[in-house]
Amino acid sequence: MKLDKKITESSNIKSKDIDKKSILEILNIFNSEDEAVVKAVKNSLNEIHDIIDLTINSLNNDGRLFYVGAGTSGRLGVLDAAECVPTFSINSELVQGIIAGGEEAMFKSIENAEDKTSEISSIITDKSISSRDVVIGISCSGGAPFVLEF
């Protein structure tokens, strides 16, 4: 899937001329956008519940959780997976993060890595991902081919 215009790289009309606004005006824009996120989460609680329930069932049956992402949202998924080890005292194999572009993409932006799908098959094989596992795709735009095709 190739999107003509990536939402994550388009302008947000609410922040037009943000560089000319006061600090308080900028903070109000940020806060307004944060409120939109909270509302979206509230409207998705049933779906979030279903995903959590599915994941718990998988983990209780020797499955694992994989976050598969691209770009900044992918980095945050890898970070969350890494934090599960000290936070929940789990084995690092139980929750894993995979980012388009590989380990290098954690520390350096790799343009168009989200479009490259050729390595997916080898990642699945190398990590022995099976139907017992849960894969949660993370794509800010919802259209990263690496995430969708995983």
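Residues numbered from 1 in each chain as written. Predicted model: local features only at pLDDT ≥ 70, side-chain atom pairs only at ≥ 80, totals over all residues. Heavy atoms only, no water.

Draft legend 1. Structural context of the packing of aromatic side chains. This model, assessed by the stated rule, comprises 1 aromatic pair. A centroid spacing of 5.9 Å and a plane angle of 50 degrees characterise the contact between F146 and F150, whose relative ring orientation is tilted. Both residues of the pair, F146 and F150, belong to the buried class. (Phe/Tyr/Trp six-rings, centres within 6.5 Å; stacked < 30°, edge-to-face > 60°. Buried < 20%, exposed > 50% of the residue type's maximum accessible area, 1.4 Å probe, protein only.)

Draft legend 2. Region of the structure containing the side chain of S73. Take S73: it is sitting in helix 3 (residues 71–88). When its relative accessible area of 16% is taken as the criterion, S73 is described as buried. (Helix = DSSP H or I, 4+ residues; strand = E, 2+ residues; numbered from the N terminus.)

Draft legend 3. Focus on the nonpolar core. Core analysis: the biggest nonpolar cluster contains 13 residues, and I98, F146 and F150 have the highest contact counts within it. Contacts of F146, omitting those with residues within four sequence positions, involve V68, G69, I98, I99, A100, A113, E114, K116, T117, E119, I120 and I123. Counting 6 residues, the second-largest nonpolar core is a separate cluster that includes L65, Y67, A81 and V134. (Core = buried A, V, L, I, M, F, W, Y, C linked by side-chain atoms within 4.5 Å. Contact = heavy atoms within 4.5 Å.)

Draft legend 4. Representation of the pairing of strand 1 (residues 65–69). Burial analysis of strand 1 places 5 of its 5 residues in the buried class, which makes it a mostly covered element. Here strand 1 shows a buried face lined by L65, Y67 and G69 and a second buried face lined by F66 and V68. Summarising the sheet, strand 1 and strand 2 (residues 95–99) pair through 5 bridges and their orientation is parallel. Within the sheet, the bridge partner assigned to L65 lies in strand 2 and is V95. Crossover strand 1 to strand 2 through helix 3 is right-handed. Judged from the 5 bridges that link them, strand 1 and strand 3 (residues 134–138) form a sheet pairing that is parallel. Residue pairing across strands places G69 opposite I138, the latter belonging to strand 3. (Pairing = 2+ DSSP bridges. Right-handed = clockwise from strand over helix to strand, strands pointing away.)

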